[in-house]
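Report on the structure
Read off the chains here:
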Amino acid sequence: MHISARHDYAVQAMLAIAAAGGGPVKTSDLAAMQGIPVSYLPSILADLRRAELLSSRPGTDGGFSLARPITRISVGDIMRAVSGALASVRGRPPHTITYTGAATALPGLWRSVHTFTNDLLDSTTLDQLLGTGPALTAARPERDGASGDTGGRRP
């Protein structure tokens, strides 16, 4: 999975709005608070609004506000809003990839990566990242044996 600047900026913007009480927050203020180039924000915020993660209000008292509670906005929601699928193989969904010969097992691995990525990002909400919700727990692959041996593989 590749985390682009667009993904990163979208999550930062949503966290900044959440930290500001849910909004409204102006685009220029978001850019200043998070160090995001102001030229990137309008299209990112428009995507988040289209995905119904943000609402907007014009005017001097306006800006962008969260469209739902921080407990119901996941990082997966945000990332999909700005780019679609979370994981791909050569630009294609993992379930559409097939290989021949020695690589026939790879599609299963790519589907697992896709599933684990979706599960992690979909279960991580803004309130967790802000430290106001349940603590984040990182899923780690099981190691071989009680000694922590990874069988020659890197952990």
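Residues numbered from 1 in each chain as written. Predicted model: local features only at pLDDT ≥ 70, side-chain atom pairs only at ≥ 80, totals over all residues. Heavy atoms only, no water.

Two residues of an α-helix separated by three or four positions point the same way, owing to the 3.6 residues in each turn. Residues of helix H4 (residues 75–83) that are buried include every one of Val75, Gly76, Ile78, Met79 and Val82, and no others. Buried residues of H4 fall within an arc of 160° about the axis and therefore sit on the same side. Residues of H4 that are buried make contact with helix H1 (5–19), helix H3 (41–50), helix H5 (106–122) and helix H6 (126–129). A positive phi of about 85° marks Gly84, the residue just after H4. (Buried < 20%, exposed > 50% of the residue type's maximum accessible area, 1.4 Å probe, protein only. Helix = DSSP H or I, 4+ residues; strand = E, 2+ residues; numbered from the N terminus. Arc of directions from axis to C-beta. Contact = heavy atoms within 4.5 Å.)

The geometry of H1 relative to H4 is characterised by a closest axis approach of 9 Å and an angle of 130° between their N-to-C directions. Taken together, H1 and H4 sit at an angle that is classed as oblique. For the element pair H1 and H4, the recorded crossing hand is right-handed. Between H1, through Arg6, His7, Ala10, Val11 and Met14, and H4, the contact on the second element is made entirely by Val75, Ile78, Met79, Val82 and Ser83. Partitioning the contact of H1 with H4 into residue classes produces seven nonpolar, two polar and one charged. (Axes fitted to C-alpha atoms, helices over the stretch in contact; angles between N-to-C directions. Parallel < 35°, antiparallel > 145°, perpendicular 65-115°, else oblique. Left-handed = near helix turned anticlockwise from the far one by under 90°. Nonpolar A, V, L, I, M, F, W, Y, C, P; charged D, E, K, R; others polar.)

A few words on the packing of aromatic side chains. For the coordinates displayed, the defined rule picks out one aromatic pair. Here Tyr9 and Tyr40 contribute two aromatic rings whose centre-to-centre distance is 5.1 Å and whose plane-to-plane angle is 50°, an arrangement assigned as tilted. Of this pair, Tyr9 sits in helix H1 while Tyr40 sits in the loop between helix H2 (27–34) and H3; the two residues are 31 residues apart in sequence, bridging distant segments of the chain. With relative accessibility at 16%, the residue Tyr9 sits in the buried group. (Phe/Tyr/Trp six-rings, centres within 6.5 Å; stacked < 30°, edge-to-face > 60°.)

Note that every value here comes from positions in space, so none of it alone points to a role or purpose.
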